[in-house]
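A structural walkthrough
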4 protein chains.
Amino acid sequence: MTFDALFVPDELREAVADEAWLGGMLEAERALAAAQGIELDVGDIVISELVEEGRAAGNPVEPLARRLRARNPDAHRGATSQDILDTAAALVARNASQLIVGELDGVAACCAQLADEHRSTLMPGRTLLQQAVPITFGLKAAGWLVGILHARGRLEAARLPAQLGGAAGTLAALGDEGADVLREYASRLDLPEPVVPWHTRRLPVAELGAALSVAGGWVGKIALDLVLLSQTEVGEVREREGGASSAMPHKRNPVGSTLARACALRAQAEAGVLISALAQEHERAAGAWHAEWGALSDALAYTGGAAASLRRALDGLEVDVDRMRENISPETVGDEDHVGAAAAFVDRALEAYGRG
Amino acid sequence: MTFDALFVPDELREAVADEAWLGGMLEAERALAAAQGIELDVGDIVISELVEEGRAAGNPVEPLARRLRARNPDAHRGATSQDILDTAAALVARNASQLIVGELDGVAACCAQLADEHRSTLMPGRTLLQQAVPITFGLKAAGWLVGILHARGRLEAARLPAQLGGAAGTLAALGDEGADVLREYASRLDLPEPVVPWHTRRLPVAELGAALSVAGGWVGKIALDLVLLSQTEVGEVREREGGASSAMPHKRNPVGSTLARACALRAQAEAGVLISALAQEHERAAGAWHAEWGALSDALAYTGGAAASLRRALDGLEVDVDRMRENISPETVGDEDHVGAAAAFVDRALEAYGRG
Amino acid sequence: MTFDALFVPDELREAVADEAWLGGMLEAERALAAAQGIELDVGDIVISELVEEGRAAGNPVEPLARRLRARNPDAHRGATSQDILDTAAALVARNASQLIVGELDGVAACCAQLADEHRSTLMPGRTLLQQAVPITFGLKAAGWLVGILHARGRLEAARLPAQLGGAAGTLAALGDEGADVLREYASRLDLPEPVVPWHTRRLPVAELGAALSVAGGWVGKIALDLVLLSQTEVGEVREREGGASSAMPHKRNPVGSTLARACALRAQAEAGVLISALAQEHERAAGAWHAEWGALSDALAYTGGAAASLRRALDGLEVDVDRMRENISPETVGDEDHVGAAAAFVDRALEAYGRG
Amino acid sequence: MTFDALFVPDELREAVADEAWLGGMLEAERALAAAQGIELDVGDIVISELVEEGRAAGNPVEPLARRLRARNPDAHRGATSQDILDTAAALVARNASQLIVGELDGVAACCAQLADEHRSTLMPGRTLLQQAVPITFGLKAAGWLVGILHARGRLEAARLPAQLGGAAGTLAALGDEGADVLREYASRLDLPEPVVPWHTRRLPVAELGAALSVAGGWVGKIALDLVLLSQTEVGEVREREGGASSAMPHKRNPVGSTLARACALRAQAEAGVLISALAQEHERAAGAWHAEWGALSDALAYTGGAAASLRRALDGLEVDVDRMRENISPETVGDEDHVGAAAAFVDRALEAYGRG
């Protein structure tokens, strides 16, 4: 991720860093051991060493399992590398998703406030970027809000389950205890227990990808509206922290919205990898699985980056109510400034927000 | 769609054809009129004429509305072109989705039967396409089944709502009746009523896209497994209707699986357009909306084509139980043919199927 | 393709229709026969029958070959289905590309004229959609022109070669004559001869996809600029044939640009299938090859549709020179209306156009 | 990039790291200064500080320019942030591309050796993963080779030009010297000089994206063939350094091919961002430009990672010539082991390699 600190909040970057994945792997190994009545002595594990050694096996769990077994003969018992890595992915995704949800909550609060405050603020409605009949800014913000509520709910529902299947998904190495160990393992990790191991049934990953793509894409839509409303010739909103230009000190660029759009583009591309990687061979894919790891981290990071940047843009957004009214082309207005059901729609959106 | 009859069942092709879209548009106009106490005299409408004339306006509804108004002065009252077209999309998608669900049901039934029958059929488990420990063919089919149940449920839940917002989403032209007309309109069409018009809040379209991509992708995974199992050197399954070759009469190609994979690739690309088209400007997009129409039809058609082709592959699939057992490399087997929790997982999958 | 006549010129739709593919297949079969000294009696072939029967074999060439052999025992000798279909694709692509190039030429002519006429027309330069220092409209049009020249050249260079490899790429059925027949076959079809048959070395298809994606994407950029310049609040350009609205007669929508953007989105998605379908198994892919056919037709159609729609937008574009100057924010102008090397860059672009 | 050291060679990771981008920015600033007769005193610049401070402006060049101007009043004269960052991208891409080309050269050498050595090694040809007539392994490797030569040539040709346009592409701040400074700037950097500044004419970036996608996709195809040939039931090749499994010590996984496929998937997704980001607004995009930076780094890294992993797989590949012959199904063989023009095609490929 080039210049990642410019796009993604620090906390979120840490939540998807290699160290966080190691944390997830160790949590999985500990839960697996505990489910079998074993307490694990982990010792010092350095993730960069695992990654380097992992080149030979094609994943970092094989060297981790070797280290653990050296101290605990029964460590990693019953598991295959993918079990540990998929479970780590579930834990990383859970933590990162909570951070993203926090950013979306901040965005929703801003939208709700704008919808409420600008319930009666007239502005041009624009279709195909031509002025149509007037709307209210409250209605526009209410639409943003409803979408954020959708995206937030969708992301919360997209939880990756625990993974435990052993060498080929039968849990054969656990004898007759397989199903019990799986239940205990999932329970200790507080992760959903799958009906059947999902080694190559990657629907949970694809659904998380879809949720991230939807969230990122929707954040991008709001940012697009903000960029358009911020145009010099429109001038209806202005980001409080608008950015300076190295060549033109007078400019105040819509930086938050711009970075949000950039992050949204990246998020949707990374999430696309997760959705299109469903076709995985037999009981473990030769490549498509490995491609998920980084795509998942990046999709989480960029979706969160998009939400955080949009929040920055909306927080304290300067709304030029006079300019909005002045911009309305007389020919687009009828006898009166009638805006139909706009206020009712704002109420419906705020009610949904209150329920949320 | 080149050679579309080769990929997509006739009924599904009709369900997304221009005539079906016209049917949806007329149903929307009728419901809009009826919600205002008007009965519509439609006359003869030829979709090809609407499309040709629609070049000027950028959509086929404008010429349709002109025709309807010529016979019914109050036709199309309160609506904008997008209202009618989006509602038509909702109706087209509903009908086509039902056909896809029907195909997925057929696939699920095949998978359930295979899971049940082959609960004890040993075969090699394969990771990175190398033999790992043995599994059962029942377990493999159970995994397929669980995924199909997921995809089916997801698709059924992804319903597009009715659309009615008028020129810019306020329903201003309907005076104080806007919200009531919207409710009545949605009710007559038996479509969900949105909280707020969704002109540019395209989350329902994106979610439908995600559901189709997930369904298509999962069908592609099963087809991939079938193609791999059908390899000459593996020979564990064979499609009953395997295809002939123009150059080699002795071959029996896995044609159903092959066409399913082709359709899955196309379906995911078309669905991707629907997901990535979230960034739509202000109250109507200048392009991204227009790109949805064909992408929606094609995503529906190809997802259904994928499911239908897979169903053809699975229906009467010849399973070579002896070959499965013979293929197992001795070095991958322990003391016994132990397959752990495989049977339990099959039960869990079949139970989920029974509940579904 | 839903409402395809609204997006794609008639001639181009015909150039990629199933009948055109049949024409290509017959041309390939004739050339193959002729290269072996055989004259082919084709008889009446109905493409819809081939497609329907082709469901069994997975492609429409197998039933075609059967028909041809019934009249000509030596027809199709040495070829496999893919040879004929890939060669048909090459012919379809060549014809359709010429039509696209014709549309791009029209766009280039418009851009060149605008660049020349508006060499000194001042307008705001806009970065992040905020006014920066002034530029000239000529410079903007010159940039458009240079990109079109690039896209045009790229598309012309992306020619699919003839395909002839026989059952698995060795031309074994042609005995020792294989290489000679291939040369003669390619020569008669006036298609490039490949170094080695490209059954699963799909780089020519991917390159054509890249060329179409680049062309479509660039057309989309110009259309985006036009849509932004056409905004009510900007009003610097106006499409001559701007479209009416069904709800608001006063509007003049940028329909050409809008349809161009829609087509560009679709074109890039279809072309993406061609680029990402490189991973094809062994000597013939089980699915990825079949996915190319429709994606190729659609990528050609939508790229051409994008170019044709943009041409319509640019042809007779109304440029409001006064508005351009008035829009310039005083704070963005220095001592004088200095636009640096703008005129020199226009000259360079027009020179490149003259050379092209 | 999660576990990036597992996928991407160290040298390539360094070539696209933030520090490398800083190196490129400084080289650009130095060249710009030198082109105006200024020698730059750079001082100590820490990239992480630039990125952190760059959040406000939306890019890291603004804080860099401030630092440089503090020591050199005339630093950054005539440039805008994008000039420096795009030029840095050109330099980063040039360096990284050379590393990728080096890996592709290694792959080509392996393919050429295999093609030459196995000119007469019979093996099954496989279409739709069913055995067709026999081919030679030499022919298969020759096909791989021709594709690598194509990908290599394409990547070498895709060079990003120098960028210098000033605030809005007119070089206005350089007075009448603009064109001269641009020429000198490009010359000092040994980068192509553009006809017109390419701020939002992102065709060079899209073309580089296409070249990387083509290279990555082709590497993925070869890796796919290797994975299929390595299957337990096929056993025709084996990677020398095949990987161990944490659960099954007896396995030898095709790790190089697997990682190559994973990298190829990521590379194509990142490159797709570069291709689809063509639609950039006016004289600087509000988001699409910013999305390019990381996508470019990642596309370069993963394409190189794919090539390096494939090289590892091919280097010392164990080819089981006996197994290849034994695998041939008798029914697919005619009177003799005739493989037609296979040897001639090998010669043609090797000749192209020799010319390359």
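Residues numbered from 1 in each chain as written. Chains lettered and ligands numbered in written order. Predicted model: local features only at pLDDT ≥ 70, side-chain atom pairs only at ≥ 80, totals over all residues. Heavy atoms only, no water.

**A closer look at the relation of the copies chain D and chain A**
- Overlaying chain D with chain A gives an RMSD of 0.0 Å, the required rotation being 180° about an axis along which the chain moves by 0.0 Å. A rotation of that kind, with that shift, is consistent with a two-fold axis.
- A share of 100% of the interface residues of chain D reappears at the interface of chain A, consistent with the copies meeting face to face through the same patch. (Least-squares fit on C-alpha atoms with pLDDT ≥ 70 in both. Contact = heavy atoms within 4.5 Å.)

**As for the packing of helix H10 (residues 255-276) of chain B against helix H11 (residues 288-314) of chain B**
Residue and element names in this part refer to chain B.
- Viewed as axis vectors pointing N to C, H10 and H11 meet at an angle of 155°, and their least axial separation amounts to 7 Å. Classified by the angle between their axes, H10 and H11 sit roughly antiparallel to one another. The crossing of H10 and H11 is left-handed.
- Of the residues assigned to the contact of H10 with H11, the class counts are 17 nonpolar, five polar and five charged. (Axes fitted to C-alpha atoms, helices over the stretch in contact; angles between N-to-C directions. Helix = DSSP H or I, 4+ residues; strand = E, 2+ residues; numbered from the N terminus. Parallel < 35°, antiparallel > 145°, perpendicular 65-115°, else oblique. Left-handed = near helix turned anticlockwise from the far one by under 90°. Nonpolar A, V, L, I, M, F, W, Y, C, P; charged D, E, K, R; others polar.)

**Some points on the interface of chain C and chain D**
- Counting from both sides, the interface comprises 69 residues of chain C and, opposite them, 69 residues of chain D.
- Of the roughly 5,700 Å² buried between chain C and chain D on both sides combined, carbon and sulfur atoms contribute 68%.
- Connecting chain C to chain D are six salt bridges.
- Counting across the chain C and chain D interface gives 32 residue pairs in polar contact (both at pLDDT 80 or more).
- At the level of secondary structure, the elements contributing two or more residues to the side of chain C that touches chain D comprise strand S1 (122-127), strand S2 (130-136), helix H7 (137-157), helix H8 (178-189), helix H9 (203-229), helix H10 (255-276) and helix H13 (342-355) of chain C.
- When residues of the side of chain C that touches chain D are assigned to their parent elements, the largest contribution, 13 residues, is made by H9 of chain C.
- For the side of chain C that touches chain D, the residue count by class is 37 nonpolar, 17 polar and 15 charged. (Buried area = accessible area lost by both parts, 1.4 Å probe. Salt bridge = Lys/Arg side-chain N within 4 Å of Asp/Glu carboxyl O. Polar contact = N/O pair within 3.5 Å; in protein donor to acceptor, adjacent residues only side chain to side chain.)

**Considerations on the confidence of the model for chain A**
- With 97% of its residues at a pLDDT of 70 or more, chain A has an overall mean of 95.
- If you check the scores for this complex, the pTM reads 0.98 and the ipTM reads 0.97. (pLDDT = per-residue confidence, 0-100.)

**Comments concerning the relation of the copies chain C and chain D**
- Of the two same-sequence chains, chain C is brought onto chain D (RMSD 0.0 Å, axial shift 0.0 Å) by a rotation of 180°.
- Taken together, the interface assignments show that 100% of the residues at the interface of chain C recur at the interface of chain D, consistent with an identical surface on both copies.

**What about the pattern of salt bridges?**
- Scanning the model with the defined rule gives 136 salt bridges over all chains in all.
- One salt bridge in this structure joins Arg-152 of chain A and Asp-105 of chain A, with 2.3 Å as the shortest N-O distance. Pair noted here: Arg-152 of chain A is in helix H7 (residues 137-157) and Asp-105 of chain A is in helix H6 (residues 81-117), with a separation of 47 residues, a long-range link.
- Here Asp-105 of chain A falls in the partly exposed class, since its relative accessible area comes to 31%.
- Here Asp-116 of chain B makes a salt bridge to Arg-119 of chain B, at a shortest N to O gap of 2.6 Å.
- Looking at Asp-116 of chain B, the relative accessible area reads 42%, which means it is partly exposed. (Buried < 20%, exposed > 50% of the residue type's maximum accessible area, 1.4 Å probe, protein only.)

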